[in-house]
Amino acid sequence: MDAATFFIQTMNGIQYGLLLFLVASGLTLIFGIMGVINIAHGSFYMIGAYLAWSLMGWVGNFWIGLVAGVMVALVLGLLLEWLFIRFLYDRDHLQQVLVTYGLILIFSELRSMIWGDDVHSVPIPELLNGSIQITENLAYPIYRLWLSGVCIVIAVLMFLGIQHTRLGMMIRAGESDREMTKALGINIGLIYRFIFALGITLAAFSGMISAPISSVFPGMGSQVLIVSFVVVVIGGLGSIKGAMIAALSVGLIDTFGKVIHLDIFGINIFPEMSGMSIFALMALILTLRPQGLFGREH
Amino acid sequence: MTDALMHVASLHAHYGLSHVIHGVNLEIKPGETVALMGRNGMGKTTLIKCLMGLLPASSGAIRLRGQDIKSLATHSLARRGIAYVPEGRGIFQNLSVKENLLLAARAGFEGRMEWTYDRVLDVFPRLKERLAHGGQQLSGGEQQMLSIGRALLTNPDLLILDEATEGLAPLIARDIWSIIGIVKKSGISSLIVDKNFSALAKISNRSVVMVKGAVVFDDVPTKLIEQPKELKTWLGI
Ligand SMILES: Nc1ncnc2c1ncn2[C@@H]1O[C@H](COP(=O)(O)OP(=O)(O)O)[C@@H](O)[C@H]1O
Ligand SMILES: [Mg+2]
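Quick look at the structure, then. (Residues numbered from 1 in each chain as written. Chains lettered and ligands numbered in written order. Predicted model: local features only at pLDDT ≥ 70, side-chain atom pairs only at ≥ 80, totals over all residues. Heavy atoms only, no water.)

### Details of the overall build of chain A
We count it as follows: Numbering goes from the N terminus for both helices and strands, where a helix is a DSSP run of H or I of at least four residues and a strand is a run of E of at least two. The size measure is the radius of gyration over C-alpha atoms, and the globule rule it meets is 2.2 Å times the number of residues to the 0.38 power. What makes two residues a contact is simply this: any of their non-hydrogen atoms within 4.5 Å. All accessible-area figures derive from a Shrake-Rupley calculation using a 1.4 Å probe, and residue coverage is judged against the displayed protein chains alone. Charged residues are defined here as Lys and Arg on the positive side and Asp and Glu on the negative side; His and the ends of the chain fall outside this count. Here the site of a charge means atom NZ of a Lys, CZ of an Arg, CG of an Asp or CD of a Glu.
Within chain A, the secondary structure is distributed over 11 helices and 4 strands. Here chain A has a C-alpha radius of gyration of 20 Å; the compact-globule value for 298 residues is 19 Å, and the two agree. Its C-alpha atoms give chain A principal-axis dimensions of about 65 × 50 × 35 Å. For chain A, contacts bridging at least 24 residues in sequence account for 76% of all contacts bridging at least 6. Element-wise, carbon and sulfur atoms account for 69% of the exposed surface of chain A, whose accessible area totals about 14000 Å². Placing the 13 positive and 16 negative side-chain charges of chain A at their respective mean positions leaves the two points 13 Å apart.

Okay, structure coming up:
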């Protein structure tokens, strides 16, 4: 592998990792704070991508489509929390999985009815179209740089929000002692509704901004769900910091797994088995640290 | 109706199928300090959980300032002026001392702001030195001070203290009793559970004794002291 390829792949890996973080952070927040396993999380990624495709196509503008899509996702999140999720806080994980699996089926059917089963593509917005020439024979797409930048900004805002705002304080308090938080007059139900909506909006937003660099297709939700779960498990359930480190590792390993050629006894291990590499990483981490990198011991 | 701040009538409560509170009647007047006593497992904590809306009552009535509050959510009860210092203190381990206090700070039910962040730190100088510490780094006494300070910052009309001095060294426990005295002087009603009978008798206007989920005594502390035989069976002293 030459230096140029290495550079490009590193950038791609980081960008993929940051996008994964955006999806996985919602998943880990919803689990860590409310104790809810939301396996429908990937569906919101898929919904986001389809929303981007239809809204951006309809209004003919990427940015208006993006803002509108975020609003739709927020409202959808608030509504779903009120309709289903709030009944799951005191239930066991099996019931949570069953209800959210039901949501996956419903969303998949609705997607098929509203948008059909075809594969679509979303054009890169004009403003971000093109590449930056880094050296004479090395260029990198502006859109991917922008996408990474947006993910980093959101990640920083999330850290600051949790550590330094009153809402963040309430969220951490609720995580530590739910009853005591209520007993201080804090309406934790309202906070949970907001966090759920925020979490799934992050997933939908990820789907929207990734639409221009990957195709929009029916199975994209389950694909991202599996990888996000790997990220959450490696990082430690409920840990945002863990999700960030795990997402970047998974992003880099998965990206390089697809381009490295490694022959062992004449068998080409990569890339035929590159899909396995992140699961190998997960197995390794779980063997060394069953609670994940930053998970609390139970 | 009476002028009671809180009025509990024929209250029953269950944990699943097990019937724990058996028809409790209780009244707390404005400014009154009420001692709640009884051996372990008699239902004191359970009764408090009902008053805080943390355990739904099966039947009976709970009224606050004459209003039925039985079906209100815990956070609404807190906003109506009830503050809670639970058994085990309930400190947020992942928040600093300062954050534990700031989280609670707000005006009381009728906009009262007697207890401010600064006043709480004046009353608890030990907390002042530990503001940046995490909740898990405090000693038992400091945790209890933080829990009481935090409760006061909600500017309550009723302070509920479960096992006020449990597990504290005598000197620290003495500090806690003097703080309870300050709370009383400021006109806040309180319901206090503790094992220290004589300290409770000194500070409280009324003693309430529970046996097996029912109230067996409810009168001034001096009347209870006159009943050594009952004291032995009810409280083991
Ligand atoms: N979470 C619970 N589930 C079932 N039973 C409980 C629970 N908590 C307490 N109990 C039972 O309820 C009774 C009263 O307990 P509690 O209110 O904690 O007593 P006290 O505070 O007076 O020591 C006891 O018999 C206790 O075993
Ligand atoms: Mg108790």
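### Quick word on the coordination of the magnesium ion (ligand 2)
Residue and element names in this part refer to chain B. Going by this rule: The donor definition counts N, O and S atoms within 2.8 Å of each metal and applies 3.2 Å to Na, K and Ca; water is not among these atoms, so some sites may look incomplete. The buried label applies to any residue whose accessible area, calculated with a 1.4 Å probe on protein chains only, is under 20% of its type's maximum; exposed applies above 50%, and partly exposed to all values in between.
Only T45 (OG1) and E87 (OE) from the protein coordinate the magnesium ion (ligand 2), and they sit 2.0 to 2.6 Å from it. Taken together, the residues span a long stretch of sequence, with T45 in helix α1 (residues 44-51) and E87 in the loop between β6 (82-85) and α3 (97-104) at a distance of 42 residues. Overall, E87 belongs to the partly exposed group, its relative accessible area being 38%.

### Quick word on the packing of aromatic side chains
Formally: Pairing of aromatic rings covers Phe, Tyr and Trp, the last through its six-membered ring, and needs centres within 6.5 Å; plane angles under 30 degrees mean stacked, over 60 mean edge-to-face, and all others mean tilted. Think of it as a cone above the ring: NZ of Lys or CZ of Arg counts as a charge over the ring if it is within 6 Å of the ring centre and within 35 degrees of the ring normal.
Per the counting criterion, the structure on display carries 10 aromatic pairs over all chains. Between B:F217 and B:W234 the ring centres are 6.0 Å apart and the planes differ by 50 degrees, which places this aromatic pair in the tilted class. One end of the pair, B:F217, is in strand β10 (residues 214-219); the other, B:W234, is in helix α10 (residues 228-235), and 17 residues separate them in sequence. Accessibility classification places B:F217 together with B:W234 in one group, the buried group. Joined through ring pairs, the aromatic side chains of A:F62, A:W63, A:Y143 and A:W146 make up one cluster. A cation over an aromatic ring shows up here: B:R119 above the ring of B:W115, its NZ or CZ 3.8 Å from the ring centre.

### Examining the sheet that holds strand β2 (residues 18-28) of chain B
Pairing between sheet strands relies on hydrogen bonds along the backbone, with the strands arranged either parallel or antiparallel. All names here are of chain B. The cut-off we apply is this: At least two DSSP bridges between two strands are required for those strands to pair. Simply put, an axis is a line fit to the C-alpha atoms, just over the touching stretch for a helix, and the angle between two N-to-C directions goes from 0 to 180 degrees.
One open sheet holds the 4 strands; their spatial order is β2-β1-β4-β5, and the pairing between them is antiparallel. At either margin of the open sheet sits one strand with a lone partner, and together these are β2 and β5 (67-68). In this structure, strand β1 (residues 6-15) lies alongside strand β4 (residues 59-64), joined through 5 bridges in antiparallel fashion. Within the sheet, the bridge partner assigned to A9 lies in β4 and is A61. The strands touched by α1 within the sheet are β1, β2 and β4, with β1 carrying the most contacts at an inclination of about 115 degrees.

### A few points about the pairing of β2(B)
Moving residue by residue along a regular strand, the side chains alternate between the two faces of the sheet. Residues and elements named next belong to chain B. When β1 meets β2, the two strands line up antiparallel, connected through 8 bridges. By the bridge assignment, H14 is partnered in β2 with H19. In this antiparallel pair of consecutive strands, β1 and β2, the connection spans 2 residues, and G16 shows a positive phi of 60 degrees.

### Thoughts on the site of ligand 1
Residues and elements named next belong to chain B. How we decide: Definition of nearness: a residue and a molecule or strand are near each other if at least one heavy atom of the residue lies within 4 Å of the molecule or strand. Counted as a polar contact is a pair of N or O atoms within 3.5 Å, where, for protein atoms, one must be capable of donating a hydrogen and the other of accepting one, and residues adjacent in sequence contribute only when both atoms are in side chains. For this scheme, ten residues count as nonpolar: Ala, Val, Leu, Ile, Met, Phe, Trp, Tyr, Cys and Pro. Four count as charged, namely Asp, Glu, Lys and Arg, and the remainder, Gly too, count as polar.
Taken together, the residues surrounding ligand 1 are Y15, V20, R39, N40, G41, M42, G43, K44, T45 and T46. Between T45 and ligand 1, the recorded distance is 2.7 Å, taken from a side-chain N or O atom to an oxygen atom. For ligand 1, the accessible surface in isolation is 560 Å², of which the surrounding protein chains cover 57%. A total of 3 residues in the shell around ligand 1 trace back to one element, the largest contributor, which is α1. Considering only residue class, the shell around ligand 1 consists of 3 nonpolar, 5 polar and 2 charged.

### As for the environment of A:F107
Residue and element names in this part refer to chain A. In this structure, F107 sits in helix α4 (residues 93-115). In sequence terms F107 and I47 are 60 residues apart; their C-alpha atoms lie 8.0 Å from each other. Apart from residues no more than four positions distant in its own chain, F107 is found in contact with S43, F44, M46, I47 and L80.

### As for the pattern of salt bridges
Under the convention used in this document: Any Lys or Arg side-chain nitrogen found within 4 Å of a carboxyl oxygen on Asp or Glu counts as a salt bridge.
The full count for this structure, using the stated rule, is 16 salt bridges over all chains. Between B:E99 and A:R172 there is a salt bridge; the shortest N-O distance is 2.8 Å. A residue pair is termed interchain when its members come from two chains, as with B:E99 in helix α3 and A:R172 in helix α6 (residues 166-176). The same class applies to B:E99 and to A:R172, which are both buried. A salt bridge links B:R65 to B:D157, with the shortest nitrogen-to-oxygen separation between them at 2.5 Å. Of the two residues, B:R65 sits in the loop between β4 and β5 while B:D157 sits in the loop between α6 (140-152) and β7 (158-161), which places them 92 residues apart along the sequence. Given a relative accessible area of 31%, B:R65 falls into the partly exposed group. Look at B:D157 and you get buried, because its relative accessible area is 16%.

### Considering the interface of chain A and chain B
In many reports, interface size means the accessible area that the parts give up when they come together. To keep it simple, the criterion reads: Once two parts are put together, the accessible area they lose, assessed with a 1.4 Å probe and summed over both, is termed the buried area.
Taken together, the contact pairs 18 residues of chain A with 24 residues of chain B. Here chain A meets chain B over a buried area of about 1700 Å², counting both sides, of which 62% is carbon and sulfur. Applying the counting criterion to the chain A and chain B interface returns 1 salt bridge. For the interface between chain A and chain B, the tally reads 7 residue pairs in polar contact (both at pLDDT 80 or more). Secondary-structure elements contributing two or more residues to the side of chain A that touches chain B are α6 and α7 (178-183) of chain A. Class assignment for the residues of the side of chain A that touches chain B results in 7 nonpolar, 5 polar and 6 charged.

### Here's the deal with helix α1 (residues 3-34) of chain A
Residue and element names in this part refer to chain A. What counts here: Helix span is expected to be 1.5 Å times the residue number reduced by one. We define the bend at any residue as the angle between the axes fitted to the seven residues before and including it, ending there, and the seven starting there.
In a regular helix each residue adds 1.5 Å, so 32 residues correspond to 46 Å; α1 covers 45 Å between its end C-alpha atoms and thus fits that length. Bending of α1 peaks at approximately 30 degrees at the position of A24. With its phi angle positive at about 70 degrees, G35 sits one or two positions after the end of α1.

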